[in-house]
Amino acid sequence: MSAAVRLLGAALVAFSGWAAGWWLTEKKRRRLAALEQLERLIALVQDEIVYRAAPLSEILALLKARRDMPGLCLEECGQLEAFSCPPGLDRPAWDQLEGFFTRLGSAAGQEEARHCAYYLKRCALLREGARQEYEQAKQLYTKAGLCCGVLAALMLF
């Protein structure tokens, strides 16, 4: 009986290591998804400003009606200028993009278009870095977590 309990405990420790690696990989995936959605949002705002000269309240209503950016929690947003950090995004990345929202609507049309283009490029760079991190995490984290779990199980067994 004791050997079966110990074996079950060792399996649980190994599984916990794998689960920790999977959780870290999912965190990287959520960060990538948030950056992709933010990039899409910035591009849509830029298009609405440049081609329709739409006011920000109308742009926000249009964005809320779309269903392809669920991770950004736009339903809770009252003003586009007061948009807050999405749940899947880390603070350092948000610090680089927050200025887009705080300065939105403070300039004329052509200046606003340049402002959007600048933050669109910045978001694309962040997204590309996040994509590379996610690809590395996919290859490494679950395997490393499983290995650490197995090693811990062997030490305990």
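Residues numbered from 1 in each chain as written. Predicted model: local features only at pLDDT ≥ 70, side-chain atom pairs only at ≥ 80, totals over all residues. Heavy atoms only, no water.

> In this structure, what is going on with the overall build of the chain? I would like to understand it.
What the chain contains, in helices and strands, is four helices and zero strands. Put simply, the chain runs from its N terminus to its C terminus through helices and strands in the order α-α-α-α. Over its C-alpha trace the chain gives a radius of gyration of 22 Å, far above what one expects of a compact globule, namely 15 Å for 157 residues. Taking the principal axes of the C-alpha coordinates as reference, the chain spans close to 75 × 25 × 20 Å. (Helix = DSSP H or I, 4+ residues; strand = E, 2+ residues; numbered from the N terminus. Rg over C-alpha atoms; globule rule 2.2 N^0.38 Å.)

> What is the right way to look at the packing of helix α1 (residues 2-52) against helix α4 (residues 109-156) in this model?
The relative placement of two packed helices comes down to the angle between their axes together with the axis-to-axis distance. Two numbers describe how α1 lies on α4: the axes approach to 8 Å, and their chain directions differ by 175°. What the angle tells us is that α1 and α4 run roughly antiparallel. Of the residues assigned to the contact of α1 with α4, the class counts are 31 nonpolar, eight polar and 11 charged. (Axes fitted to C-alpha atoms, helices over the stretch in contact; angles between N-to-C directions. Parallel < 35°, antiparallel > 145°, perpendicular 65-115°, else oblique. Nonpolar A, V, L, I, M, F, W, Y, C, P; charged D, E, K, R; others polar.)

> Is there a simple way to explain a nonpolar patch on the surface in this structure?
Together, F15, W18, W22, W23, L24, L146, V150, L151 and L154 line one region of the surface with nonpolar side chains, adding up to about 900 Å² of accessible area. When residues of the nonpolar patch are assigned to their parent elements, the largest contribution, five residues, is made by α1. Structurally, the position occupied by L151 is in helix α4. (Patch = residues over 30% accessible without salt bridge, like charges linked within 9 Å, V, L, I, M, F, W, Y side chains within 5 Å. Areas by Shrake-Rupley, 256 points an atom, 1.4 Å probe, with all protein chains shown as cover. Salt bridge = Lys/Arg side-chain N within 4 Å of Asp/Glu carboxyl O.)

> Sorry, what's going on with the confidence of the model for the chain here?
In regions of low pLDDT, the predicted coordinates are not meant to be interpreted in detail. Per-residue confidence for the chain gives a mean pLDDT of 87, with 99% of residues at or over 70. Mean pLDDT across the elements of the chain ranges from a minimum in helix α2 (residues 56-65), with 86, to a maximum in helix α3 (residues 91-102), with 90. (pLDDT = per-residue confidence, 0-100.)

> Is there a simple way to explain the nonpolar core in this structure?
For soluble globular proteins, nonpolar side chains are generally found buried alongside one another. Ranked by size, the top nonpolar core spans 33 residues in total, and within it L38, L41, V45 and L63 carry the most contacts. At the level of secondary structure, the elements contributing two or more residues to this core comprise α1, α2, α3 and α4. Examining the composition of this core, we find that nine residues originate from one element, α1, more than from any other. (Core = buried A, V, L, I, M, F, W, Y, C linked by side-chain atoms within 4.5 Å. Buried < 20%, exposed > 50% of the residue type's maximum accessible area, 1.4 Å probe, protein only.)

> Would you take a moment to explain the packing of aromatic side chains for this structure?
Evaluated as defined, the whole model comprises seven aromatic pairs. Measuring from centroid to centroid gives 5.0 Å for Y118 and Y119, while their planes differ by 85°, and the two rings are edge-to-face. On the basis of relative accessibility, which here comes to 42%, the residue Y118 falls in the partly exposed class. (Phe/Tyr/Trp six-rings, centres within 6.5 Å; stacked < 30°, edge-to-face > 60°.)

> I would appreciate a short explanation of the environment of R131 in the present structure.
Within the fold, R131 resides in helix α4. Along the chain, R131 and G78 lie 53 residues apart, while their C-alpha atoms are 30 Å from each other. Ignoring any residue separated from it by four or fewer positions in sequence, one finds R131 in contact with L32 and E36. (Contact = heavy atoms within 4.5 Å.)

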